[in-house]
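One letter stands for each residue in the lines below.
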Amino acid sequence: MTELCGVQLRGPVLNGSGTYDAIAARRTFGDALLESFPFDAFVSKTITLAPRQGNPPPRLWETPAGLINSIGLPNKGLEGFLEHDLPKLAELPVPLIVSVMGFDPDELRRLVTEVGARDEVALIELNFSCPNVETGLIMGADPSETARAVEALRPLTEKPLIVKLTPNATDPAVVAASAEEAGADAVSLINTLKGMALHPRTHEPWLGGTTGGVSGPAIRAIALEQVHSVARRVQIPVIGMGGIQSGRDAADFLIAGATCIAVGTESFRDPAAGVRIAHGLATISRKEREFSPARSG
């Protein structure tokens, strides 16, 4: 068992927001999905106040060791999510974490208030990777912006708040500490790194959104360092993610200080990656207990 902000989980393996469509998977696999659900808590796609179509295609580019996505957060908006998606996600056999993103403080306040009022929601993830339209600063990259946002949102709900950090901050550990001081219950990192690809013939940007987010094993070493740095700086739980493909990868993040880990790009290649990684992690943990110095001595 794993505890995350007072919520009991059967284990430490989550999904990265937007990397696993549980509703589509349920349509495909039926109730069999519920019997062997690949994650110990489920993080929804990030929702915004108004519906979004997302970025124009093409939206994906494969790199030698990962993926660049320029999806653009397509979603039904707050009202559409609450009416159509939330009842279906509430049927999952694990706690639900809803990810939200607002483009100004008023949007964030409404999102947190309405999502936090729903009993089906166990925790709220604050996706702070967008610019504040009032200041132009990326909320999750600037310590003062992060603190200001968390302080405004903390009184609006009793649900635990997870601040999702961008890896593009000058010092993510400082941002994490600011979030903790302002009332965040946990932090998650890393989000994707900014990247782009060129069309092989026209040499124009391949992605419809020009740039995108790099994910997958190419960013794992960077993610591991940032998780290690943040975990040494804060007392609240850290959810680590970035290129996790195996139980060994997951164990490394836990050793670096994460309480839980999240699987993202690997689920595109293997929809059951969460189960495989959890099994691998359990095997590693058992072997390390068997051969620990305390036992061998």
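Visitor: Before we go on, may I ask you to explain the overall build of the protein chain in this structure?
Guide: Across its full length, the protein chain holds 11 helices and 14 strands. For 297 residues, the compact-globule estimate of 2.2 N^0.38 gives 19 Å, and the C-alpha radius of gyration of the protein chain, at 19 Å, lies within 12% of that figure. Here the protein chain displays about 13,600 Å² of accessible surface, and carbon together with sulfur accounts for 53% of that area. Looking at charge distribution, the protein chain has the averaged site of its 27 positive side-chain charges lying 6 Å from that of its 34 negative ones.

Visitor: Hey, could you run me through the pattern of salt bridges in this one?
Guide: When their charged atoms lie close together, side chains carrying opposite charge are able to pair. All chains considered together, the criterion is met by 16 salt bridges. Of the charged contacts in the structure, one is a salt bridge between glutamate 120 and arginine 118, with a shortest N-O distance of 3.2 Å. Here the salt bridges share partners, and the residues they tie into one network are Glu266, Arg269, Asp270 and Arg276.

Visitor: Can you help me understand the environment of aspartate 119 in this one?
Guide: Mapped onto the fold, aspartate 119 is located in the loop between helix 4 (105-116) and strand 8 (123-127). Separated by 29 residues in the primary sequence, aspartate 119 and alanine 90 have C-alpha atoms spaced 9.4 Å apart.

Visitor: When you look at the side chain of aspartate 104 in this model, what are you seeing that I'm missing?
Guide: Inspection of the secondary structure puts aspartate 104 in the loop between strand 7 (96-100) and helix 4. Despite its burial, aspartate 104 remains without a salt bridge, the nearest opposite charge being carried by arginine 109 at 6.5 Å. Polar side-chain contacts of aspartate 104 include one of 3.0 Å to the backbone nitrogen of aspartate 106.

Visitor: How should I be thinking about the confidence of the model for the protein chain in this particular structure?
Guide: Residues shown with low pLDDT carry predicted positions that ought not to be read at fine detail. Predicted confidence across the protein chain gives a mean pLDDT of 92, with 94% of residues reaching 70 or more. Predicted confidence for residues 131-136 stays below pLDDT 50, and this span has 14 contacts to residues more than four positions away or in other chains. Here residues 293-297 is modelled with pLDDT under 50, and outside its nearest four sequence neighbours on either side it reaches 2 contacts, counting other chains as well.

Visitor: Before we go on, may I ask you to explain the sheet that holds strand 5 (residues 60-63) in this structure?
Guide: In sheet architecture, strand pairing relies on hydrogen bonds along the backbone and comes in two forms, parallel and antiparallel. Read from one edge to the other, the open sheet built from 4 strands follows the order 5-6-12-11, with strand pairing classed as antiparallel. Two strands lie at the open edges of the sheet, namely strand 5 and strand 11 (193-195), each paired on one side alone. Taken over all neighbouring pairs, the strand axes of this sheet differ in orientation by 35 degrees on average, direction set aside. Bridge count between strand 11 and strand 12 (residues 212-215): 3 bridges; the pairing is antiparallel. Along strand 12, the bridge assignment pairs glycine 195 with glycine 212.

Visitor: So what exactly am I meant to see when it comes to unusual backbone geometry here?
Guide: Residue proline 58 is reached from proline 57 by a cis peptide bond, and omega for that bond is -5 degrees. Among the structural elements, proline 58 can be located in the loop between strand 4 (42-43) and strand 5. Residue leucine 189 is joined to isoleucine 190 through a cis peptide bond whose omega torsion reads 10 degrees. Structurally, isoleucine 190 is set in the loop between strand 10 (186-189) and strand 11. Unlike most non-glycine residues, cysteine 5 shows phi in positive territory, near 55 degrees. Residue position: cysteine 5 is located in the loop between strand 1 (2-4) and strand 2 (7-9). Of note, threonine 210 is a non-glycine position whose phi angle comes to about 70 degrees, a positive value. As for its position among the elements, threonine 210 is in the loop between strand 11 and strand 12.

Calculation criteria
- Per-chain numbering applies: the sequence of each chain, read as written, is numbered from 1 onward.
- Owing to the predicted nature of the model, reporting of local features is limited to residues with pLDDT of at least 70; listing and counting of side-chain atom pairs is limited to 80 or more, with chain, interface and lining totals taken over all residues.
- No hydrogens and no water enter the side-chain calculation; it runs on all heavy atoms of the structure.
- We count a stretch as a helix when DSSP gives it H or I for four or more residues in a row; a strand needs E for two or more, and each element gets its number in order from the N terminus.
- Radius of gyration: over C-alpha atoms. The globule rule applied is 2.2 Å multiplied by the number of residues raised to the 0.38 power.
- For the area figures, the Shrake-Rupley method with a 1.4 Å probe applies, and any residue is considered shielded solely by the protein chains shown.
- The sign given to each residue is positive for Lys and Arg and negative for Asp and Glu; His and the chain ends receive no count.
- Think of each charge as sitting on NZ of Lys, CZ of Arg, CG of Asp or CD of Glu.
- We count a salt bridge whenever a side-chain nitrogen from Lys or Arg sits within 4 Å of a carboxyl oxygen from Asp or Glu.
- Residue exposure (1.4 Å probe, protein chains only): buried if accessible area is under 20% of the type maximum, exposed if over 50%, otherwise partly exposed.
- N or O atoms within 3.5 Å of each other form a polar contact, as long as, within protein, one can give a hydrogen and the other can take it, and as long as residues adjacent in sequence are counted only when both atoms are side-chain atoms.
- How sure the predictor is of each residue is captured by pLDDT, a score from 0 to 100.
- Should any heavy atoms of two residues lie within 4.5 Å, those residues are counted as being in contact.
- Between any two strands, pairing holds if DSSP finds at least two bridges.
- Helix axes use the C-alpha atoms of the stretch in contact, all axes being lines fitted to C-alpha atoms, and the angles between their N-to-C directions lie in the range 0 to 180 degrees.

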